[in-house]
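Read off the chains here:
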Amino acid sequence: MSNKMWGGRFASGPDAIMEEINASIGFDYRLAQQDIAGSKAHVAMLAQTGILSADHAAAIAEGLSQIGAEIEAGTFTFSRALEDIHMNIEARLAELIGPAAGRLHTARSRNDQVALDFRLWVRDAIDALDRQLWALQQALAEKALAHAASVMPGFTHMQSAQPVTFGHHLLAYVEMFSRDRSRLRDARARLNESPLGAAALAGTSFPIDRNATAKALGFDRPTANSLDSVSDRDFVLETLSAASICAIHLSRFSEEIVLWATPQFGFAALSDKFSTGSSIMPQKRNPDAAELVRGKAGRIIGALNALLIVMKGLPLTYSKDMQEDKEGTFDALHALSLCLAAMTGMVGDLEPDRKRMKAAAGSGYATATDLADWLVRSLKLPFREAHHITGRIVALAAGKKIGLEKLTLAEMQAVEPNISAEVHAVLGVEKSVRSRTSYGGTAPSNVRAQAKRWLARLEKDKVEHSNASRS
Ligand code: ARG
């Protein structure tokens, strides 16, 4: 049987393999509600402009509402022979209301239709991700406030560098997730133009009102070039790119949680809710959730790469290659959403072992910089010279296998005679972090202020979120 929608020129139906490679209904059924919303806006505009009679428009709108309800209730039958979500819905509309259904596609093509549906879907996904990122930031900022003064080692090259606080470390991620939200907001702002009415590629001879459909669907304006409208997938690429960067942040954080949870570090125990046991080794507690978040960065970045490669070299305008834009995107944004939920849960349950972290912060001569700074401040030595003297003192302590604070004054004076007893005031890890009061530094007073600033800002976002969902 030839296709009902475009079978006029075709004598026979497609080969079975053709049907299999061509059909997208297996994944684009997810666009159903966006497709219905777009069709409703289109048909209302067709009636307003007199392109369609009010009766026909009303019958179509009613049929579309019924289809929306059927899909929601799970009673709709999706058919692969009907290729994609657009034709599945249109065919059902014909069953419900008869030949008038055929008028819905006036002044429209599947090319602007799919561009519209996918934009609406990605826009919803961005809004949902923003809320999830908000929740993660909130959990981090709360934990940071509780641990503004909990000392831990800060690392460079994965070597103990200088003591920092756990709260400061968590707030670093709040900054990263803030940039992720900002990137998604930027993508959303550029995405928010309506391609509907570009038709197949050249626009249409019908007197449509693209401003009306754009407004009805919450877009800022219609897209300005019909060719660009149906061939552009920048909005997906930008979103996947922001998602990939976010996935990298989540992956780095996961790696740290995995390290902290090892018996060797012992900085934080994982809650039962986010770890598993081993079927053979009874002592084990595995950080599976953190590992999976770390691992899922792969498929998210993979989806971005796949679509970049699909789009590369495609001539204007639509080509069927572009149907490959959806599966990876659905998968990647779902994975990111799952990762954000898991990470938010893990952060809430994260209980650092302050004693172990503090002990670790003091090992590895992490206050050596404090000693060097003291030599600069109190003895007015150039920093390079202070660095050299400190190196000799560290070597002395290391030779005796003791911490810097355990050296006697006489031992230090053997290296630099002008060192006085006051030096001991800077050698403890707590004193070290308290002294880091420069803007953005790790002093507990700074961390407390930053955590509070974030919590106040997040409270404001919450009000904006709830206003947005009401409008
Ligand atoms: N299923 C198609 C897609 O996702 C819809 C657009 C089809 N357009 C066309 N000219 N065949 O890309």
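These lines cover the structure that appears in this document, whether it is placed above or below. (Residues numbered from 1 in each chain as written. Predicted model: local features only at pLDDT ≥ 70, side-chain atom pairs only at ≥ 80, totals over all residues. Heavy atoms only, no water.)

## Brief notes about the packing of helix α6 (residues 110-146) against helix α7 (residues 166-191)
Okay, step 1: Contact geometry for α6 and α7: axes closest at 9 Å, N-to-C directions at 165 degrees. Judged on the interaxial angle alone, α7 and α6 are roughly antiparallel. Relative to α7, α6 is oriented so that their crossing is left-handed.
Okay, step 2: Looking at the contact of α6 with α7 residue by residue, the class counts come to 18 nonpolar, three polar and ten charged. (Axes fitted to C-alpha atoms, helices over the stretch in contact; angles between N-to-C directions. Helix = DSSP H or I, 4+ residues; strand = E, 2+ residues; numbered from the N terminus. Parallel < 35°, antiparallel > 145°, perpendicular 65-115°, else oblique. Left-handed = near helix turned anticlockwise from the far one by under 90°. Nonpolar A, V, L, I, M, F, W, Y, C, P; charged D, E, K, R; others polar.)

## Notes on the nonpolar core
Okay, step 1: One finds Leu140, Leu250, Phe253, Trp260, Leu336 and Met343 to be the most contacted residues of the largest nonpolar core, which totals 96 residues.
Okay, step 2: If we ignore the near neighbours within four places in the chain, the residues touching Leu140 are Leu170, Tyr173, Val174, Phe177, Phe253 and Val347.
Okay, step 3: Counting 19 residues, the second largest nonpolar core, distinct from the first, contains Leu371, Leu375, Val394 and Leu404. (Core = buried A, V, L, I, M, F, W, Y, C linked by side-chain atoms within 4.5 Å. Buried < 20%, exposed > 50% of the residue type's maximum accessible area, 1.4 Å probe, protein only. Contact = heavy atoms within 4.5 Å.)

## As for the packing of aromatic side chains
Okay, step 1: In total, this model carries twelve aromatic pairs according to the counting rule given.
Okay, step 2: When the ring of Phe118 is compared with that of Phe235, the centres are 6.1 Å apart and the planes differ by 75 degrees; the resulting orientation is edge-to-face. Taken as a pair, Phe118 in helix α6 and Phe235 in helix α10 (residues 234-260) lie far apart in primary sequence, 117 residues in all. Considered together, Phe118 and Phe235 belong to a single accessibility category, that of buried residues.
Okay, step 3: The rings of Phe166, Tyr173, Phe177, Phe253 and Trp260 are connected pair by pair, giving a single aromatic cluster.
Okay, step 4: Just above the ring of Phe118 sits the side chain of Lys326; from NZ or CZ to the centre is 5.7 Å.
Okay, step 5: Its end group placed over the ring of Trp454, Arg453 keeps NZ or CZ at 5.1 Å from the ring centre. (Phe/Tyr/Trp six-rings, centres within 6.5 Å; stacked < 30°, edge-to-face > 60°. Lys NZ or Arg CZ within 6 Å of the ring centre and 35° of its normal.)

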